[in-house]
Amino acid sequence: MPTVTDRTPLLEHGNGAQPPKPFFARLVDSFAAEGQPSFLQSYKYFFFGSYLNILLVFIPLSFISHFLNWDAALRFSFSFIAIMPLAALLGTATEQLSLELGQTLSGLLNASFGNAVEIIVGVAALLQGEMRIVQTSLLGSILSNILLVLGCSFLAGGLKFQESNFQVTAAQASSSLMTLACITLVIPAAYHSAKSHSGGLGDGPSTNQTIITAIGQHIELGLDTLDENSIQGLKIISRGTAILLLIVYIAYLYFQLKSHAYLFIAAETGEEEEAETPQMSPWAAGSALLVVTLFTSFCADYLVASIEETAERYHIPKPFIGLILLPIVANAAEHVTSVWMAMKNKMELTIGICVGSSIQIAAFVVPLLVIVGWITHHDLTLFFADFETIVLFVSVLLVNFLIQDGKSNYMEGLMLVTLYLVIALAFWVS
C-alpha cells in the first residue's frame with residue numbers, strides 16, 4: 001500500500017488528470033451536442049462538399065469591381081456568378097437544418113431568408129421614391145416562384161419519380177391564401193379602371209404632375225387618369241387591405257406551424273427510407289445560413305447597381321429586367337433548394353419553399369412596404385398595371401389547378417415553365 005503524504009491527491013488517478021481545455025475550445029464544444037459534428041467538421045463539409053464552391057472566388061471579385069467601379073458588364077457578370085455558389089450553400093444549410101427542425105419550419109425559414117433580399121431592395125427603392133421598381137420586382141418574384149421555380153421542381157422531380165405526392169389540404173390552404181393575395185391586387189386595378197372611365201379626370205395633368213413632384217418620382221404610376229379624390233380612395237383601399245393581409249398572414253403562420261402543423265408533415269410511405277446523417281450541427285448550419293445570406297444580399301445589391309448601365313449598353317428592355325431577370329437572381333436560393341428537394345421526393349418542402357415564398361411576398365412583403373411607405377410619406381399603393389395584374393391572376397389560377405390533387409409529375413412542371421416563358425416573351429416586347 002503506497003505511503004500517504006501531503007502530496008498525495010485526494011481523488012484517485014488525480015495525477016493522471018488531463019489539463020483543462022482552452023476557453024475557446026470549451027466554448028465551441030458547448031455548441032455541439034453529443035453525437036453531432038463539431039463546428040470545424042460542419043464548416044469543412046459546408047465549404048468543401050461541392051466543386052461548385054470553387055466559384056466563391058467571384059465574391060471578392062464582385063466587391064472589388066464594385067468599389068473600383070469597373071466596367072458594368074464585369075460588375076454584372078462577377079456578381080451574377082458569385083450568387084450561384086451562394087445559392088447552393090443556402091440549400092446545403094437549409095437541408096441540414098431540415099434534418100433537425102423538420103420540413104415545415106425549414107421551408108418557412110428558407111423562404112424567409114430567400115426573401116430578405118427582396119425586403120432590403122424594396123425598402124431601399126421605396127425610400128428613394130422608385131415605386132415602379134418596387135412593384136415590378138415584387139410581382140416578378142411572385143411569378144418566378146410559382147411558375148419557374150415550382151415548374152422546374154415538378155419537372156426535375158417528375159424525371160426521377162413517376163409521380164410525387166404531397167398533402168392536399170395543406171397545398172389547397174396555401175394556394176387559397178395566394179389567390180386571396182392576388183385578388184387584393186385585382187380590386188385596386190378594378191377600382192382604378194372604374195374611376196378612370198367615370199369621367200373623374202378633374203384637373204388630370206396638373207394633378208398628376210403634382211403627385212409626381214410630391215412623391216419625387218420620374219416614372220409613370222398610371223394615376224394620371226384619376227382625380228385627387230379617387231387617388232385618395234386608392235390609398236385608403238391599399239392601406240386598409242395591407243393591414244388585413246398582415247393579420248391573415250400571421251394567422252396563416254399559426255395555422256401552418258401550430259394548430260394544423262400535421263397537415264404540412266410529409267405522409268408516411270411504406271418504403272423504408274435511410275435516415276440521413278446530419279453533416280452539420282444546427283448551430284453551425286444556422287450561423288452559415290446567416291453569413292451566406294449576408295454575402296448574397298451584398299452581391300445582389302451590386303448586381304442591381306450595375307444592371308441598369310448594362311441594360312442600356314446591351315439594349316435589354318427594362319420591364320424584362322424588372323419582372324424577369326432580377327427575380328431570377330433574387331430567387332436563386334429558392335430555385336436551387338426547391339429543385340434539390342424535389343429530386344429527393346420531399347414535395348412538402350418544395351411546396352413550402354415555392355408557394356410559401358410567394359405567399360410571404362404577396363401577403364407580407366408587399367403589405368409591409370405599403371405600411372412603410374405610409375409611415376415615410378411615400379405613397380405606395382396596391383394598384384399594378386392591368387397587364388401585370390392579369391398575368392398574375394392567370395398564373396395563380398394555373399397553379400391552383402395543378403396542385404389541387406396533391407400530386408405532381410413532369411408534365412405539370414412543363415406547363416408552369418411554358419407559361420413563364422410566354423410571360424417572359426411578352427415582357428421582352430412590352
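Residues numbered from 1 in each chain as written. Predicted model: local features only at pLDDT ≥ 70, side-chain atom pairs only at ≥ 80, totals over all residues. Heavy atoms only, no water.

A. Highlighting the overall build of the protein chain. When helices and strands are counted, the protein chain shows 16 helices and two strands. Taking all 430 residues of the protein chain together, 47% fall into the buried category. Long-range contacts, defined as pairs at least 24 residues apart, comprise 85% of the intrachain contacts of the protein chain with a sequence gap of at least 6. Total accessible area on the protein chain stands at roughly 21,600 Å², and carbon and sulfur atoms take up 67% of it. (Helix = DSSP H or I, 4+ residues; strand = E, 2+ residues; numbered from the N terminus. Buried < 20%, exposed > 50% of the residue type's maximum accessible area, 1.4 Å probe, protein only. Contact = heavy atoms within 4.5 Å. Areas by Shrake-Rupley, 256 points an atom, 1.4 Å probe, with all protein chains shown as cover.)

B. Representation of the confidence of the model for the protein chain in the model. Mean pLDDT over the protein chain: 78, with 78% of residues reaching 70 or higher. Counting contacts from residues 209–220, a segment whose pLDDT is below 50, to residues more than four positions away or on other chains yields 16 contacts. (pLDDT = per-residue confidence, 0-100.)

C. Region of the structure containing the pattern of salt bridges. Evaluation of the coordinates by the stated rule reveals five salt bridges. Among the ionic pairs, glutamate 309 bridges to arginine 75, the shortest N-O distance being 3.1 Å. In this pair, glutamate 309 is assigned in helix H11 (residues 282–314) and arginine 75 in helix H4 (residues 72–101), connecting sequence segments 234 residues apart. For glutamate 309, a relative accessible area of 35% translates into the label partly exposed. Between aspartate 379 and lysine 235 there is a salt bridge; the shortest N-O distance is 3.0 Å. Of this pair, aspartate 379 sits in the loop between helix H14 (347–375) and helix H15 (386–403) while lysine 235 sits in helix H10 (residues 228–259), and the two are 144 residues apart along the sequence. Taking the relative accessible area as the measure of exposure, aspartate 379 reaches 21% and is therefore partly exposed. A residue is classified by how much of its surface remains accessible, and lysine 235, at 16% relative accessible area, is buried. Three or more residues are tied together by salt bridges with common partners; here these are Asp71, Arg75, Glu309 and Arg313. (Salt bridge = Lys/Arg side-chain N within 4 Å of Asp/Glu carboxyl O.)

D. Representation of the packing of aromatic side chains. One pass over the structure, following the stated rule, counts 15 aromatic pairs. Summarising the aromatic geometry, the rings of phenylalanine 46 and phenylalanine 47 are spaced 5.1 Å apart at their centres and angled 75° between planes, so their arrangement reads as edge-to-face. Ring centres of phenylalanine 298 and tyrosine 302 lie 6.4 Å apart, and the angle between their planes is 40°; on these two criteria the pair is classed as tilted. Pair noted here: phenylalanine 298 and tyrosine 302 are both in helix H11, with a separation of four residues, about one helical turn. Given a relative accessible area of 35%, phenylalanine 298 falls into the partly exposed group. Taken together, the ring pairs in this structure connect Phe63, Phe67, Phe295, Phe298 and Tyr302 into an aromatic cluster. (Phe/Tyr/Trp six-rings, centres within 6.5 Å; stacked < 30°, edge-to-face > 60°.)

E. Representation of the side chain of asparagine 145 within the structure. Here asparagine 145 is to be found in helix H7 (residues 131–160). Asparagine 145 sits in the buried class, given a relative accessible area of 0%. A distance of 2.9 Å separates a polar side-chain atom of asparagine 145 from the backbone oxygen of serine 141. (Polar contact = N/O pair within 3.5 Å; in protein donor to acceptor, adjacent residues only side chain to side chain.)

F. Fine view of the nonpolar core. One finds Leu147, Leu150, Phe154, Ile359 and Leu392 to be the most contacted residues of the largest nonpolar core, which totals 58 residues. Counting only elements with at least two residues in this core, the list comes to helix H6 (116–127), H7, helix H8 (168–196), H10, helix H12 (318–330), H14, H15 and helix H16 (410–429). Excluding its chain neighbours within four sequence positions, the residues that come into contact with phenylalanine 154 are Phe166, Met347, Ile351, Ile403, Ser408, Asn409, Tyr410, Glu412, Gly413 and Leu416. Core analysis: the next-biggest nonpolar cluster, separate from the first, contains 29 residues, Leu56, Leu86, Leu89 and Leu325 among them. (Core = buried A, V, L, I, M, F, W, Y, C linked by side-chain atoms within 4.5 Å.)

G. Region of interest: H14. Between the first and last C-alpha of H14 there are 40 Å, a value that for 29 residues agrees with the 42 Å anticipated at 1.5 Å per step. When the local axis directions of H14 are compared, the greatest deviation, roughly 35°, occurs at isoleucine 361. The buried fraction of H14 amounts to 24 of the 29 residues, a majority that puts the element mostly inside the structure. Trailing H14 by a residue or two, histidine 377 shows a phi angle of about 65°, which is positive. (Expected span 1.5 Å × (residues − 1). Bend = angle between axes of the 7 residues up to and from the residue.)

H. Representation of the packing of helix H2 (residues 39–48) against H4. At their nearest, the axes of H2 and H4 sit 10 Å apart, and the two run at 140° to each other. Here H4 runs oblique to H2, going by the angle between their axes. Regarding H2 and H4, the two cross each other, and that crossing is right-handed. Contacts from Tyr45, Phe46 and Phe47 in H2 reach Leu89, Thr92, Ala93 and Gln96 in H4. (Axes fitted to C-alpha atoms, helices over the stretch in contact; angles between N-to-C directions. Parallel < 35°, antiparallel > 145°, perpendicular 65-115°, else oblique. Left-handed = near helix turned anticlockwise from the far one by under 90°.)

I. View of H4. With 30 residues, H4 ought to run about 44 Å at 1.5 Å a step, and its terminal C-alpha atoms sit 42 Å apart, in line with that. The buried fraction of H4 is high, at 22 of 30 residues. Measuring from the side-chain oxygen of the N-cap residue of H4 to the backbone nitrogen of alanine 73 gives 3.0 Å; that N-cap residue is aspartate 71.

J. The arrangement of the packing of H15 against H16 in detail. The geometry of H15 relative to H16 is characterised by a closest axis approach of 10 Å and an angle of 175° between their N-to-C directions. As judged from the angle between their axes, H15 and H16 are roughly antiparallel. Residues Phe387, Glu388, Val391, Val394, Ser395, Leu398, Val399 and Leu402 of H15 form the contact with H16, whose own contacting residues are Glu412, Met415, Leu416, Leu419, Ile423, Ala426 and Phe427. Residue composition of the contact of H15 with H16, by class: twelve nonpolar, one polar and two charged. (Nonpolar A, V, L, I, M, F, W, Y, C, P; charged D, E, K, R; others polar.)

K. Structural context of the side chain of serine 238. If you trace the backbone, serine 238 turns up in helix H10. Judged by relative accessible area, which is 0%, serine 238 ranks as buried. From its side chain, serine 238 meets the backbone nitrogen of leucine 382 in a polar contact 2.9 Å long. Ignoring anything within four residues of it in the chain, the contact list for serine 238 reads Val370, Thr381 and Leu382.

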